[in-house]
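This is what each chain is made of:
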Amino acid sequence: MRNSLRVFAISLALASSAPSLAGAQTVAVGSKKFTESYVLGEIAKRILTEAGITATHTQGMGGTIILWQALKSGDIAFYPEYTGTISEEILKLKGAADRSAMESRLKAQGIGMGPELGFNNTYALVMRRSKSEAMGIASMSDLKSHPNLRVGVTPEFLGRKDGWKPLSARYGLSMKDVRGVEHALGYAALASDQIDLKECYSTDAKIKENDLVVLKDDLGYFPQYKALFLYRLDAPTAAISALAKLGGTIDEQRMTAMNADAERTKDYTLAASAYFGKVARKEAEGKSETTTQIILRTTKDHLVLVGISLGLAILAGIPLGILAWRSRAIGAIVLGLVGLVQTIPSLALLAFLIPWLGIGTNNAIVALFVYSLLPIVRNTVTGLQDIPSPLRESAEALGLEPAAQMRKILLPMASRSILAGIKTSAVINIGTATLAGLIGAGGYGEQIQIGLSLNDTPTILRGAVPSAVMAVVAQAGFDLLERAIIPKGLRLTLAKD
Amino acid sequence: MIALKSAERRYGASIAVYPTTLEFERGKTTALIGPSGCGKSTLLRMIIGLIAPSSGTLEVDGTPVNTFTSQQLRRRMGYVIQDGGLFPHLTALRNITLMAQHVGTDPAKVSSRVAELCTLTHFPQEALGRFPVELSGGQRQRVSLMRGLMLDPDILLLDEPLGALDPLVRSALQKDLRSVFEALGKTVVLVTHDMAEAGYLGHRLVLMREGRVVQSGSLEDFQKRPSDAFVTEFLTAQRSLVML
């Protein structure tokens, strides 16, 4: 008990030192999980900072739904969005919508539209140049006579109202091999001849880099995707007008160059600095975070996430386990519920929690707490159940009060099982905590997500390797702890059995 | 004095102990005997309050045993079970002194009491630091007896205390138990299925069969004035075993 209290105290101390994402004076900018969005978010942050406003940028929080919910709930005040996505996905308008129609509907929800930044990043379909030339495909209509092409589009594009299904209906396509592949991985698949066709954003740096051919949208299927910033109407006026200065300053060529710079350097702040001129770009180069700094920072964030959520899970899980052990009926309910939440996919759980807890550390901690409960509760119950009944009765017959029986006899005897449960939770927790990178809670997941969005293995490893190391260290740490916590007599007895 | 007044214990439709009225004399050793499943252990577990009577009452020195009183009453009782029931995570010494420390007994008093009990039960003091798993079966029973006697209870309850021991150790412990009982003069209730052990240790024997008391009295009463054929049958069967 004393040990779990100590863990909790450490957790609280770490939590109070963690940066708050929703400070009263701070303007929060969010971005989606792809390079261009990251870069635009960084530009916005810098514009705001230069205007004397304290700004944070939560990078790569997820897809449209997560960003839109975060904006509506007030977790973020700004994020870059595209006109086509606003009309098709957010407002679900039919047909081509003009700006004033979108503006009035957004206003009703307390959201405003900033000026267009100047480039149109529409969807397009791309193929390898060799394949397109060999098959004589130049426009999307040409695809009709090639149903055997292998298609790999993002899961989001598969589901979008302006995505793959309506597109195939419009162009009369009948491809059978259609798969959902993450964006950066899709480019890799296309380059290595695993797929023949994928969707792209017209400003993607990979198009030029991989020598891909953009097919002509000859029926004018794709809506316009003009970039702009969505913002909360209650955001500080100074911030809104500062960002409005971005209007018309970024054309396709400029955006594509910044995207390419970001993918080459793996540093969004650096790429965004190019917007502010060559001198700014050069200065930023000197300030670029070193790998050691990144690992130290993400390790600290990761420890906060794991420490607090595991600490809370221990504090809640052991009493829940005791409760479940005391009453069969309560036990069935507790174990049922705890088991049920375990089956919710972690990404879905994070999304469910956004309306209540917003994005960032709190949300991630609650989700990790929930996932850590099951092994602790279950092992507490098992540990107590495994105590032979003559010994339970002996404890009772001595005349010890129920609480003293639990403290002096039952919990020490169940300690090995409980500790094993905590160990399992810790290892699962360390791995699962990498998903916190999806909702801007930092930790090792941040590097993994950045690496995935760039399809850059070294960056992925910068998150994955420390995470694996932490899991191994935790495992070893618990093995040592076992010697300290599990009473010697019990260890001797177990060894003999 | 322990008194059962029409105490009955049912488990659903089956009856473990039929309404029984019985008194256990202060300062004497009573042996509850009978074949497996006759209800003798259930009776003992009712006295210490591990299970409550389904109907009727059970009193210890005039206090009815129930959920409110059993905790305090237990501290005036020592309880020794087959195999000792020692807690594996505590040393012999901690097992013996757990309750004394819990109620805040003066440490000096605790250690002099432990030394006294070691002499009484013939347990080597230097083995007090060992864990139960490091002790022999006989030693574990001696530790269990010391634990039961630590707070100097009025009543000592023993449930088949020697059941798991081999015959030589068993015989040595029987002798020691008798001398302890004689020396302390406590109210002792001993559950056993061994007639010879019951006769050797008990002032009074209570024979049970299928939840009912068949006869109670001295060994001589059993031998000379059996109340029914079962008593004779039980005695004969046991004696033939002893004779072999």
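Whatever comes next refers back to the structure up there.
Predicted, not measured: the structure shown is a model, and the values here were computed from it.

Enquirer: Any chance you could break down the overall build of chain B for me, citing the residues and the numbers?
Expert: Broken down by element type, chain B carries nine helices and ten strands. Taking 18 Å as the expected radius of gyration for a compact globule of 244 residues, we find that chain B reaches 18 Å, a close match to that expectation. By its C-alpha atoms, chain B is 55 × 45 × 30 Å across when sized along the principal axes. Within chain B, contacts between residues at least 6 apart in sequence are counted, and of these 66% link residues at least 24 apart. For chain B, the computed accessible surface area is about 10700 Å², with 52% contributed by carbon and sulfur atoms. Here chain B contributes 27 positive and 24 negative side-chain charges, whose respective centroids are spaced 3 Å apart.

Enquirer: Requested: an account of the interface of chain A and chain B, with residues and values cited.
Expert: If you look at the interface, chain A gives 24 residues, while chain B gives 21 residues. For the pair chain A and chain B, the summed buried surface comes to about 2200 Å²; carbon and sulfur atoms form 66% of the total. For the chain A face of the interface with chain B, the top three residues by lost area are Glu-393, Ala-397 and Leu-398 of chain A, together amounting to 25%. Counting every contact that joins chain A to chain B gives three salt bridges. The partner of Arg-45 of chain B in a salt bridge is Glu-393 of chain A, with the nearest N and O atoms 2.4 Å apart. Counting across the interface, chain A meets chain B through seven residue pairs in polar contact (both at pLDDT 80 or more). Looking at the side of chain A that touches chain B, the elements that each hand over two or more residues are helix H19 (389-397), helix H20 (402-432) and helix H23 (488-496) of chain A. Of the residues in the side of chain A that touches chain B, the class split is 14 nonpolar, four polar and six charged.

Enquirer: How would you sum up the packing of aromatic side chains? Please name residues and give values.
Expert: All names here are of chain A. Going through the model one piece at a time under the given rule, you end up with twelve aromatic pairs over all chains. Aromatic side chains Phe-34 and Tyr-201 sit 5.0 Å apart centroid to centroid with 25° between the ring planes, which places their arrangement in the stacked category. Of the two residues, Phe-34 is situated in the loop between strand E1 (27-32) and helix H2 (35-50) and Tyr-201 in strand E8 (residues 198-201); the sequence distance between them amounts to 167 residues. Given the relative accessible area of 13%, Tyr-201 is considered buried. Both rings, one in Tyr-221 and one in Phe-222, keep their centres 5.2 Å apart while their planes meet at 70°; by these two values the pair is edge-to-face.

Enquirer: Can you break down the sheet that holds strand E4 (residues 55-60) of chain B residue by residue, with the values?
Expert: Residue and element names in this part refer to chain B. Taken in spatial order, the four strands make up an open sheet running E2-E1-E4-E5, and their pairing is antiparallel. On the outer flanks of this sheet lie strand E2 (14-24) and strand E5 (63-64), each paired with one strand and no other. When strand E1 (residues 2-11) meets E2, the two strands line up antiparallel, connected through seven bridges. Bridging from a neighbouring strand, Ala-3 pairs with Glu-23 of E2. Against the sheet, helix H1 (residues 40-47) makes contact with E1, E2 and E4, and its axis sits at roughly 60° relative to E2, the strand it touches most.

Enquirer: Give a detailed account of the packing of helix H17 (residues 346-357) of chain A against helix H18 (residues 361-385) of chain A, specifying residues and quantitative values.
Expert: Residues and elements named next belong to chain A. The geometry of H17 relative to H18 is characterised by a closest axis approach of 9 Å and an angle of 130° between their N-to-C directions. By the angle class used here, H17 and H18 are oblique. Taken as a pair, H17 and H18 cross one another with a handedness that is right-handed. Of H18, the residues touching H17 (which contributes Ser-346, Leu-349, Leu-350, Leu-353, Ile-354 and Leu-357) are Asn-362, Asn-363, Ala-364, Val-366, Ala-367, Val-370 and Tyr-371.

Enquirer: Account for the pattern of salt bridges, with residues named and values stated.
Expert: Scanning the model with the defined rule gives 38 salt bridges over all chains in all. A salt bridge links Arg-160 of chain A to Glu-156 of chain A, with the nearest nitrogen and oxygen atoms 2.9 Å apart. On the accessibility criterion, Arg-160 of chain A (4% relative accessible area) is buried. The partner of Arg-225 of chain B in a salt bridge is Asp-221 of chain B, with the nearest N and O atoms 2.6 Å apart. Through salt bridges with shared partners, one network takes in Arg-128, Lys-131, Arg-150, Asp-193 and Asp-196 of chain A.

Enquirer: So what's going on with the side chain of Ser-273 of chain A? Residues and values would help.
Expert: Residues and elements named next belong to chain A. As for its position among the elements, Ser-273 is in helix H13 (residues 268-273). By relative accessible area, which is 0% here, Ser-273 ends up buried. Ignoring sequence-local partners within four residues, the contact set of Ser-273 consists of Arg-46, Ala-280, Arg-281 and Ala-284.

Enquirer: Tell me about the nonpolar core, residues and numbers included.
Expert: Nonpolar side chains in soluble globular proteins tend to be buried together. Counting residues in hydrophobic clusters, the biggest one holds 58 residues, and the most contacted among them are Ile-43, Phe-78, Leu-143, Trp-164 and Leu-167 of chain A. Here this core gets seven residues from one element, more than from any other, and that element is H2 of chain A. Mapping this core onto the domain boundaries places at least three of its residues in each of domain 1 (25-120 + 225-287) and domain 2 (123-214) of chain A. Here Trp-164 of chain A is in contact with Leu-125, Val-151, Val-153, Phe-157, Leu-158, Leu-173, Met-175, Val-178 and Leu-197 of chain A, once residues within four sequence places are set aside. Counting 40 residues, the second-largest nonpolar core is a separate cluster that includes Ala-92, Ile-96, Leu-117 and Leu-235 of chain B.

Enquirer: Can you tell me about helix H9 (residues 183-191) of chain A, naming the residues and giving the values?
Expert: All names here are of chain A. By the burial criterion, the buried members of H9 are His-183, Ala-184, Gly-186, Tyr-187, Ala-189 and Leu-190. A side-chain oxygen of the first residue of H9 lies 3.1 Å from the backbone nitrogen of Ala-184; this N-cap is Glu-182. Of the residues flanking the end of H9, it is Asp-193, one or two places downstream, whose phi is positive at about 65°.

Enquirer: Quick rundown of the sheet that holds strand E9 (residues 212-214) of chain A? Include the residues and the values.
Expert: Picture the strands of a sheet paired through backbone hydrogen bonds; they go either parallel or antiparallel. Residues and elements named next belong to chain A. One open sheet holds the three strands; their spatial order is E8-E5-E9, and the pairing between them is antiparallel. Strand pairing shows two members of the sheet lacking a second neighbour, E8 and E9, which therefore form its edges. Between one strand and the next, the sheet's axes are offset by a mean angle of 45°, whatever the strand orientation. As paired elements, strand E5 (residues 123-128) and E9 share three bridges and run antiparallel to each other. Residue Arg-128 lies in a different strand from E9, and its bridge partner there is Leu-212. Strands in contact with H9 are E5, E8 and E9; relative to E8, the strand with the most contacts, it is inclined by about 125°.

Enquirer: Please give an account of a nonpolar patch on the surface that cites residues and values.
Expert: Together, Leu-461, Val-465, Val-469 and Val-473 of chain A make up an exposed nonpolar region whose accessible area comes to about 340 Å². With respect to the secondary-structure elements, Val-469 of chain A resides in helix H22 (residues 457-485).

Enquirer: Could you give an account of the environment of Ser-168 of chain A, naming the residues involved and the relevant values?
Expert: All names here are of chain A. With respect to the element layout, Ser-168 can be found in helix H8 (residues 164-171). Of the residues examined, Ser-168 reaches a relative accessible area of 10% and is grouped as buried. Here the alpha-carbon distance between Ser-168 and Gly-451, two residues 283 residues apart in the chain, equals 31 Å.

Enquirer: Talk me through the pairing of strand E3 (residues 78-82) of chain A; I want residue IDs and the actual numbers.
Expert: Moving residue by residue along a regular strand, the side chains alternate between the two faces of the sheet. Residues and elements named next belong to chain A. Summarising burial for E3: five of the five residues are buried, a large majority. Side-chain alternation along E3 places Phe-78, Pro-80 and Tyr-82 on one buried face and Tyr-79 and Glu-81 on a second face that is also buried. Bridge count for E3 against strand E10 (residues 227-232) is five bridges, and the pairing is antiparallel. Bridging across to E10, Pro-80 finds its partner in Phe-229.

Enquirer: Provide a residue-level description of the environment of Pro-226 of chain B, including the pertinent values.
Expert: Residue and element names in this part refer to chain B. Secondary-structure assignment places Pro-226 in the loop between helix H8 (219-224) and helix H9 (229-243). Residue classification places Pro-226 among the partly exposed positions, given a relative accessible area of 33%. In this view, Pro-226 contacts Gln-215, Asp-221, Val-231 and Thr-232; residues no more than four positions away in its chain are not counted.

Enquirer: Describe the environment of Leu-349 of chain A, and please don't skip the residues or the numbers.
Expert: As for its placement among the helices and strands, Leu-349 of chain A is situated in helix H17. Sequence-distant contacts of Leu-349 of chain A, that is, excluding residues within four places in its chain, are made with Ile-344, Ala-367, Val-370 and Tyr-371 of chain A.

Rules used throughout
- Residues numbered from 1 in each chain as written.
- Chains lettered and ligands numbered in written order.
- Predicted model: local features only at pLDDT ≥ 70, side-chain atom pairs only at ≥ 80, totals over all residues.
- Heavy atoms only, no water.
- Helix = DSSP H or I, 4+ residues; strand = E, 2+ residues; numbered from the N terminus.
- Rg over C-alpha atoms; globule rule 2.2 N^0.38 Å.
- Contact = heavy atoms within 4.5 Å.
- Areas by Shrake-Rupley, 256 points an atom, 1.4 Å probe, with all protein chains shown as cover.
- Lys, Arg positive; Asp, Glu negative; His and termini not counted.
- Charge placed at Lys NZ, Arg CZ, Asp CG, Glu CD.
- Buried area = accessible area lost by both parts, 1.4 Å probe.
- Salt bridge = Lys/Arg side-chain N within 4 Å of Asp/Glu carboxyl O.
- Polar contact = N/O pair within 3.5 Å; in protein donor to acceptor, adjacent residues only side chain to side chain.
- Nonpolar A, V, L, I, M, F, W, Y, C, P; charged D, E, K, R; others polar.
- Phe/Tyr/Trp six-rings, centres within 6.5 Å; stacked < 30°, edge-to-face > 60°.
- Buried < 20%, exposed > 50% of the residue type's maximum accessible area, 1.4 Å probe, protein only.
- Pairing = 2+ DSSP bridges.
- Axes fitted to C-alpha atoms, helices over the stretch in contact; angles between N-to-C directions.
- Parallel < 35°, antiparallel > 145°, perpendicular 65-115°, else oblique.
- Left-handed = near helix turned anticlockwise from the far one by under 90°.
- Core = buried A, V, L, I, M, F, W, Y, C linked by side-chain atoms within 4.5 Å.
- Domains from an automatic or database assignment.
- Patch = residues over 30% accessible without salt bridge, like charges linked within 9 Å, V, L, I, M, F, W, Y side chains within 5 Å.

By themselves these figures say nothing about function.
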